Amino acid sequence: MIDKQSPIPIYHQLEEQIKAKIENGEYKPGDALPSEREYAEQLNISRMTVRQAITNLVNERYLHRIKGKGTFITEQKLEQNLNGLTSFTEDMRARGMEPSNKLINFEIIPAKQSLADQLHIAEHAPVYEIKRIRLAEGIPMALERTYIPANLIKGLTDHIVQSSLYQYIENELGLKIGKASQLFEATLANEEEIEYLEIADQSPVLFMKRTTQLENGIPFEVVKSSYRADRYKFMLDLER
Ligand code: 16G
């Protein structure tokens, strides 16, 4: 398993092997990693080398140490690529995961001034207020509060928002979704997020606010989402 003649340092070879086992599911999140001694004996390498590999993987967040207990496999975060205007349903399906929603609230409310301004509608015009927990494989990933002008996106029902909103807008209403602007902010989960996302007190969440418009430039949603920071990371390609 370890090639001592290789120019690739031994600790690095071991790191790659452990990573591969995490990625192919042989090592599962929460499992204890074999001890330094076991690796050293099995691979006939020094414990120092094993320690180096493990420390690097701890720093890269593949593993974590628990005092007095050992080293464990860390739950891997979903990496979401931000290069493209996609929906939660599409993001999950693209990675082979089954999306679902738990609907907390669905009602029509009069828009307050600031929301009305963002949606380019009159103050007090009717908007859908939709609160959903977004789940992947049954695990809560995000809490989403969506505001949609009722006179623009017609016929929404609680049933529709329990599957995909974007699919309804594009496939049923035949409207084209254009572009969005999105804000990111790190915060601590509030009480509601702690409850619905099933996370501990003081957990960090990634708060995002997306304003999306149709191809004709008319805004159709303001969405405030809180994503579990222990489950999600984001990736963006930057060009210069
Ligand atoms: C994503 C979008 C949200 C959009 C939703 C539609 C972010 C931060 N938010 O969650 O703006 O409303 O997808 O999803 O990415 P759906 O089509 O699955 O209902």
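Treat the numbers as computed from the prediction; the structure is a model and nothing was measured.

Thresholds, definitions, all that
- Residues numbered from 1 in each chain as written.
- Predicted model: local features only at pLDDT ≥ 70, side-chain atom pairs only at ≥ 80, totals over all residues.
- Helix = DSSP H or I, 4+ residues; strand = E, 2+ residues; numbered from the N terminus.
- Rg over C-alpha atoms; globule rule 2.2 N^0.38 Å.
- Buried ≥ 20, exposed ≤ 12 C-beta atoms within 10 Å, placed from the backbone.
- Pairing = 2+ DSSP bridges.
- Axes fitted to C-alpha atoms, helices over the stretch in contact; angles between N-to-C directions.
- pLDDT = per-residue confidence, 0-100.
- UniProt positions renumbered as here; feature names shortened; annotations may be inferred.
- Near = placed C-beta within 6 Å.
- Nonpolar A, V, L, I, M, F, W, Y, C, P; charged D, E, K, R; others polar.
- Parallel < 35°, antiparallel > 145°, perpendicular 65-115°, else oblique.
- Left-handed = near helix turned anticlockwise from the far one by under 90°.
- Contact = placed C-beta atoms within 7 Å.

(A) The overall build of the chain, seen in detail. Each helix and strand in the chain was counted, giving seven helices and ten strands. Against the compact-globule benchmark of 18 Å for 240 residues, the chain has a radius of gyration of 23 Å, which places it well outside the compact range. When the backbone C-alpha atoms are referred to their principal axes, the chain occupies close to 70 × 40 × 30 Å. When the 240 residues of the chain are sorted by exposure, 20% land in the buried category.

(B) View of the sheet that holds strand E5 (residues 126-136). Across the sheet, which stays open at both edges, the six strands sit in the order E4-E5-E6-E9-E8-E7 with antiparallel pairing between neighbours. Every other strand in the sheet has two partners, leaving strand E4 (99-110) and strand E7 (177-188) as the edge strands with one partner each. With strand direction ignored, the average angle separating the axes of adjacent strands in the sheet is 15°.

(C) Main features of the confidence of the model for the chain. Taken over all residues, the pLDDT of the chain has a mean of 95, while the share at 70 or more is 100%. Predicted complex, confidence summary: ipTM 0.98, pTM 0.83.

(D) Looking closely at the UniProt feature "domain: HTH gntR-type" (unreviewed entry) in the chain. Taking the UniProt record as the reference, the feature "domain: HTH gntR-type" (unreviewed entry) is found at residues 8-76. Span residues 8-76 is 51% helix and 12% strand, its end C-alpha atoms 26 Å apart.

(E) Focus on the site of the ligand. Looking at the ligand, there are 15 residues lining it, with Ser87, Thr89, Ser164, Leu165 and Tyr166 nearest. The class makeup of the residues in the shell around the ligand is five nonpolar, seven polar and three charged.

(F) Summary view of the packing of helix H2 (residues 36-43) against helix H3 (residues 47-59). The interhelical angle for the contact between H2 and H3, taken along N-to-C directions, is 120°, at an axis separation of 9 Å. Between H2 and H3, the angle is such that the two are oblique. Between H2 and H3 lies a crossing whose hand is right-handed. Across from Glu36, Arg37, Tyr39 and Ala40 in H2, the residues of H3 making contact are Arg47, Val50, Arg51 and Ile54. Looking at side-chain class alone, the contact of H2 with H3 contains four nonpolar, no polar and four charged residues.

(G) Seen up close, the pairing of strand E9 (residues 219-228). For E9, the tally of buried residues reaches eight of ten residues, placing the bulk of the element in the interior. Relative to E9, strand E6 (residues 139-149) runs antiparallel, the two being bridged by six bridges. Looking at the pairing, Leu143 lines up with Ser226 of E9. Here strand E8 (residues 204-214) pairs with E9 via nine bridges, running antiparallel. Pairing of Arg210 across the sheet is with Val223, part of E9. Hairpin connection, E8 to E9: the antiparallel pair is bridged by four residues, and Gly217 has positive phi, about 90°.

(H) Representation of the environment of Glu239 in the model. When you line up the elements, Glu239 lands in the segment after strand E10 (232-235). When the C-alpha positions of Glu239 and Leu143 are compared, they lie 31 Å apart, and in sequence the two are 96 residues distant.

(I) Here's a closer look at the environment of Glu129. As for its position among the elements, Glu129 is in strand E5. Each C-alpha atom of the pair Glu129 and Ala53 lies 50 Å from the other, and the pair is 76 residues apart in sequence. If we ignore the near neighbours within four places in the chain, the residues touching Glu129 are Asn105, Glu107, Ile109 and Tyr147.

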